[in-house]
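Descriptive structure summary
Below, each chain spelled out in residue letters.
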Amino acid sequence: MKKSVRFYSGAELVAIAAVDAGCRFFGGYPITPSSEIAETMSLMLPKVGGTYIQMEDEIAAMGSIIGASLAGEKVLTATSGPGFSLKQENIGYAYMAEVPCVICNVMRGGPSTGLPTALAQADIMQAKWGTHGDHPVIALTPAYLEEIYELTIKAFNFAEIYRMPIMLLLDEVIAHLSAAIELPDKERLVIKNRRRPTVPPEKYYPYDTAYGDVPPMANFFEGYRFHVTGLSHDKTGFPTTDPEIVQADQERHLRKVNSKKSEIVDYEYYKMKDADIVIFAYGSTARAARVAVDNARSLGINVGMMRLRVIWPLPDAEILKLCSKSKAIIIPEMNMGQLSEVIERYAADRTKIMRINHVGGVPIHPTDILNVIKEAL
Amino acid sequence: MAFEYEKYLRMDKIPHLWCPGCGIGVVLKAMLRAVENMGWNKDDVAFVSGIGCTSRAPGYIDCNTLHTTHGRALAFATGIKLARPAKHVVIFSGDGDATAIGGNHFIHACRRNINMTLVVVNNNTYGMTGGQHSPTTPIGYKTSTTVYGNIDPTFDICMLARGAGASYVARATVNKGKQLEKYITKGFEHNGFSVIVATANCHTQFGRKNKMGDPISARKWIADREIPLEKAREMKAEELKDRVITGEFITEEPEKTRWDNYNHPVHEYTEAYQTIRDKAQEKK
Ligand SMILES: Cc1ncc(C[n+]2csc(CCOP(=O)(O)OP(=O)(O)O)c2C)c(N)n1
Ligand code: SF4
Ligand SMILES: [Mg+2]
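Every residue gets a number counted from 1 within its own chain, in the order that chain's sequence is written. Ligands are numbered from 1 and chains lettered from A, in the order in which they are written. Totals for whole chains, interfaces and linings use every residue, but because this is a predicted model, local features are given only for residues with pLDDT of at least 70 and side-chain atom pairs only at 80 or more, for both listing and counting.

For the rest of this paragraph, the subject is the overall build of chain A. Numbering of helices and strands runs from the N terminus; a helix is a DSSP stretch of H or I covering at least four residues, while a strand is a stretch of E covering at least two. Scanning chain A for helices and strands turns up 13 helices and 15 strands. Both definitions apply: the radius of gyration is a C-alpha atom measure, and the globule rule equals 2.2 Å times residues to the power 0.38. For 377 residues, the compact-globule estimate of 2.2 N^0.38 gives 21 Å, and chain A sits close to it at 21 Å. Exposure classes come from backbone-placed C-beta atoms, where a residue is buried if 20 or more other C-beta atoms lie within 10 Å of its own, exposed if 12 or fewer do, and partly exposed in between. Here chain A holds 377 residues, and 52% of them are scored as buried. Relative to all contacts within chain A whose residues are 6 or more apart in sequence, the contacts with residues 24 or more apart total 75%. Contact definition: two residues whose C-beta atoms, as placed from backbone geometry, lie within 7 Å.

Encoded structure:
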């Protein structure tokens, strides 16, 4: 078979992987540094019979993908900081109505228009708490081009498995990086699809918990004629204010991710075996951290790295273990410590958390990290 | 023979939450008769709405129904229609939903000329939230947020739709259910974006604050202001003060195309997108 080795950018890989995962609808609104994803989708989707539409704003883009998903398509939107803020209202809707969709946010500096063209990891918390109310969250943070492809496929699978919006968080460097890579064999991809109802329409409820925490999902126009609302609803999909039903439903939403955490969390260890200083990183900063680990090792320092491929939910047990056995945990982030603040709570008094926070738009250099490693000694 | 509304309603959801005598019921009934006129299969129709009293309508209809976020119904509907162009997508919206918070989505749905029908129930107020003023509250009228009288100029939703590119635009009042039914049916038949504005009473909120707190006086107020388009054409501007013009503002034949402001023919959007797919799939 002909291997497809060629130059791809990170943004292109999101689009290619989305199409390979079965995505057939993209609704977007241009914003730097995510526009290349929309551009690639506008090129690819009509070729495979799909649909690309540029909506009037990000609120509409998010609404359009929810509509298309309810009609039965796998859907994607891509944006960046300010656009991610605008999408939050309808992201909340997708959580509430349990509509599978993938939101790619190529992070840039904020708040507001911030640094449109510069690198940041500014939306780690917005990805978790951006919309109002309680809801589960799954967010992925690829650091390498091959990984963008792999984790985009995974994001679509998660969306379908858990019937919810999935956040794919890239930083500007990762999205704009280009290199020659070999795409995986399409035949060997594992692609998941939403669980379909097995009962006839008269016995179908769109939020029927008899089938577990993720109810089977019918699509519009297939004879099921169900109702979807962003209001709190019961298993029939119609609004309810019954405190017990609302409470149970909110708990189920959280449980559908929390009970599967072990299948969702995804991280990588690098030279961790004898490490007593640990760098805890994600996205492009993890690439600098990896170099810093190598450089420190060559100086004889026992340092390693734990890198998150899925940033939400966090691997609790592993982080706690890390906290109790390491002398220091260094957390480099292109924000003012959004993840560090969380890890500090895990650490309590067990270990020292050392933050490296750059928000000026220039990457964290391996030397910046190496200097902190030396401080930690 | 009496029309069998039960055929299209989710009878287990009745009684509805609207106030007795609310104008929305008239619009819902006209809508259901229009669906019957079209002979549509209920499985093939999606009703989409935003938030507000009006937007509760889809919940009562036995079709695929989607109650979205405030003002955003058209965005969701656009996604549904593009994903399934052969299906029928109908949107219910209040005046606030369609032209305040959803104004941007409204003008762009008109501009795209996508084959969907939007029915705006214009009751001149934000009914659901307690009767605040909306972009269609007439100047001088009282609402819970214009207690000294409204000074905000109004939108004419039909003119807005026409200017933005909708290709079938009509208005009727809830006093004339038959006319509403006719316009909604024509909207359904039309291949392009159609907007039907139903001038309706919200006696509970808007009426009560303006000395017409019961359905009859609120509907009389509507009747007194109504002027059919044919008559309005022969009247002077000052005679049209405080009048609401009803009729069909654009009635294009199905085979005729809309022309945009550069005199380019505008096609129905899902058909236009199919030509993009064909182009993309052309073997070089
Ligand atoms: C984002 C957001 N802002 C405000 C509201 C509160 N709200 C609910 S309905 C409504 C206005 C409804 O007025 P209209 O669209 O005219 O519908 P009506 O109730 O009159 O039929 C408002 C402001 C909301 N639900 N969501
Ligand atoms: S508040 Fe007004 S719009 Fe709402 S149901 Fe009552 S009369 Fe109708
Ligand atoms: Mg209103």
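Right, let's talk about the overall build of chain B for a bit. Looking only at helices and strands, one finds 10 helices and 12 strands in chain B. For a compact globule of 284 residues, the expected C-alpha radius of gyration is about 19 Å, and chain B comes in at 19 Å, within 12% of that figure. Projecting the C-alpha coordinates of chain B onto the three principal axes gives extents of approximately 70 × 50 × 35 Å. A sequence separation of at least 24 residues applies to 65% of the contacts in chain B between residues at least 6 apart.

Quick look at the domain arrangement of chain A now. In this document the domain limits rely on a domain assignment from an automatic tool or a database. What the domain assignment lists for chain A is domain 1 (5–188), domain 2 (201–262) and domain 3 (267–376). On a C-alpha basis, the centres of domain 2 of chain A and domain 3 of chain A stand 39 Å from each other.

Here we take up the sheet that holds strand 11 (residues 277–282) of chain A. Residue and element names in this part refer to chain A. Only strands joined by at least two bridges in the DSSP assignment are considered to pair. One open sheet holds the five strands; their spatial order is 10-12-11-14-15, and the pairing between them is mixed. Each of the sheet's edge strands pairs with one partner strand only, and the pair in question is strand 10 (267–270) and strand 15 (352–357). On average, each strand axis in the sheet is tilted by 20° relative to the strand beside it, whichever way the strands run. Alignment of strand 10 against strand 12 (residues 303–308), held across four bridges, turns out to be antiparallel. Within the sheet, the bridge partner assigned to Tyr269 lies in strand 12 and is Met306. Only the contacting stretch of a helix is used when fitting its axis, a line to C-alpha atoms as for every element, and angles between N-to-C directions run 0 to 180 degrees. On the sheet, helix 10 (residues 284–298) packs against strand 10, strand 11, strand 12 and strand 14 (328–333) and is oriented at approximately 165° with respect to strand 12. Helix 12 (residues 338–347) rests against strand 11, strand 14 and strand 15 of the sheet, and its axis sits at about 165° to strand 14.

A word on helix 6 (residues 177–189) of chain B. Residues and elements named next belong to chain B. Helix length check: helix 6, at 13 residues, gives a terminal C-alpha distance of 18 Å against a target of 18 Å (1.5 Å per residue), a fit within 8%. Considered for burial, the residues of helix 6 that qualify are Leu180, Glu181, Tyr183, Ile184, Thr185, Gly187 and Phe188. For helix 6, the secondary structure elements touched by its buried residues are helix 1 (24–38), strand 4 (117–122), strand 7 (168–173), strand 8 (194–199) and strand 10 (244–251). Expected span, for any helix, means 1.5 Å times one less than how many residues it has.

A separate point is the site of ligand 1. Residue and element names in this part refer to chain B. The environment of ligand 1 is formed by 18 residues, the closest being Gly52, Gly94, Gly96, Asp97 and Gly127. Those elements that place two or more of their residues in the shell around ligand 1 are helix 3 (95–101) and strand 5 (125–126). The biggest single contributor to the shell around ligand 1 is helix 3, with three residues. We call Asp, Glu, Lys and Arg charged. Ala, Val, Leu, Ile, Met, Phe, Trp, Tyr, Cys and Pro are nonpolar, and the rest, Gly among them, are polar. The residue makeup of the shell around ligand 1, split by class, is six nonpolar, 10 polar and two charged. Residue proximity rests on one test: whether the C-beta atom, placed from the backbone, lies within 6 Å of the molecule or strand.

For the rest of this paragraph, the subject is the site of ligand 2. Residues and elements named next belong to chain B. The environment of ligand 2 is made up of Trp18, Cys19, Cys22, Ile24, Cys53, Asn123, Gly127, Met128, Cys202, His203, Thr204 and Gln205. At three residues, the largest contribution of residues to the shell around ligand 2 is made by helix 7 (residues 203–207). Its residues assigned to classes, the shell around ligand 2 shows seven nonpolar, five polar and no charged.

Okay, the sheet that holds strand 10 of chain B next. Spatially, 9(A)-2(B)-1(B)-3(B)-4(B)-8(B)-7(B)-10(B)-9(B) is the arrangement adopted by the nine strands of the open sheet, whose pairing is mixed. Only two strands of the sheet have a single neighbouring strand rather than two, namely strand 9 (227–229) of chain A together with strand 9 (226–228) of chain B. Strand-to-strand, the axes of this sheet are offset by a mean angle of 20°, without reference to chain direction. In the packing of helix 2 (residues 73–83) of chain B onto the sheet, contacts are made with strand 1 (45–49), strand 2 (64–67), strand 3 (88–94) and strand 4 of chain B, and the angle to strand 3 of chain B comes to roughly 180°.

Here the focus is the interface of chain A and chain B. Each side of the interface is counted separately: chain A has 34 residues, and chain B has 33 residues. Within the residue set of the side of chain A that touches chain B, elements represented by two or more residues are strand 2 (23–28), strand 3 (51–54), helix 3 (58–70), helix 4 (81–97) and strand 9 of chain A. The element that contributes the greatest number of residues to the side of chain A that touches chain B is helix 3 of chain A, accounting for nine residues. With three bridges joining them, strand 9 of chain A and strand 2 of chain B adopt parallel strand pairing. Bridged to Thr229(A) within strand 2 of chain B is His67(B).

Let's shift gears to unusual backbone geometry. Residue and element names in this part refer to chain A. Residue Pro111 follows Gly110 across a cis peptide bond; omega there is 0°. Secondary-structure assignment places Pro111 in the loop between strand 5 (101–107) and helix 5 (124–129). A cis amide bond links Trp312 to the next residue, Pro313, at an omega of -5°. Relative to the helices and strands, Pro313 is located in the loop between strand 13 (310–312) and helix 11 (316–325).

For the rest of this paragraph, the subject is the nonpolar core. One finds Val14(A), Leu168(A), Ile279(A), Val27(B), Ile80(B), Val119(B) and Ala198(B) to be the most contacted residues of the largest nonpolar core, which totals 188 residues. In terms of residues, this core owes the most to one element, helix 6 (residues 145–162) of chain A, which gives 11 residues. Contact partners of Leu168(A), with chain neighbours within four places excluded, come to Val14(A), Val102(A), Ile103(A), Cys104(A), Leu140(A), Leu151(A), Thr152(A) and Ala155(A). A set of buried Ala, Val, Leu, Ile, Met, Phe, Trp, Tyr and Cys residues, joined to one another through C-beta atoms within 7 Å, is what we call a nonpolar core.

Residue and element names in this part refer to chain A. One way to put it is that helix 1 (residues 10–21) packs onto helix 2 (residues 35–44) with a least axis distance of 8 Å and a crossing angle of 40°. With respect to their mutual orientation, helix 1 and helix 2 come out oblique. With respect to the hand of their crossing, helix 1 and helix 2 are arranged in right-handed fashion. Taking contact as the criterion, the partners of Ala11, Glu12, Val14, Ala15 and Val19 in helix 1 are, on helix 2, Glu36, Ile37, Thr40, Met41 and Met44. Counted by class, the contact of helix 1 with helix 2 contains seven nonpolar, one polar and two charged residues. Relative orientations are named as follows: roughly parallel for angles under 35 degrees, roughly antiparallel for angles over 145 degrees, roughly perpendicular for angles from 65 to 115 degrees, and oblique for any other angle. Note: crossing handedness is left-handed where the near helix turns anticlockwise from the far helix by less than a right angle, and right-handed where it turns clockwise.

Residue and element names in this part refer to chain B. In the sheet, strand 7 pairs with strand 10 via four bridges, with the strands oriented antiparallel. The partner of Tyr168 across the bridge, within strand 10, is Thr251. Across three bridges, the pairing between strand 9 and strand 10 is parallel. Bridge pairing links Glu226 to Val244 in strand 10.

Below, the discussion takes up the packing of helix 3 of chain A against helix 4 of chain A. Residue and element names in this part refer to chain A. Two elements in contact, helix 3 and helix 4, have axes whose closest approach is 7 Å; the angle formed by their N-to-C orientations is 30°. By the angle between their directions, the pair helix 3 and helix 4 is classed as roughly parallel. The interaxial crossing formed by helix 3 with helix 4 has right-handed handedness. In this structure, helix 3 uses Glu58, Ile59, Met62, Gly63 and Ile66 to contact helix 4, whose residues at the interface are Gly83, Leu86, Lys87, Glu89, Asn90, Ile91, Tyr93 and Ala94. For the contact of helix 3 with helix 4, the class distribution of residues is seven nonpolar, three polar and three charged.

Residues and elements named next belong to chain B. The set of residues buried in helix 8 (residues 215–225) consists of Ala218, Arg219 and Ile222. Viewed end-on, helix 8 has its buried residues packed into an arc of 95°, placing them on one side of the element. Seen from the open side of helix 8, the exposed residues pointing more than 90 degrees away from its buried face are Ile216 and Asp224. Among the structural elements, strand 7, strand 8, helix 7 and strand 9 are those in contact with the buried residues of helix 8. Working definition: the arc comes from the directions between the helix axis and the C-beta atoms, pointing outward to the latter.

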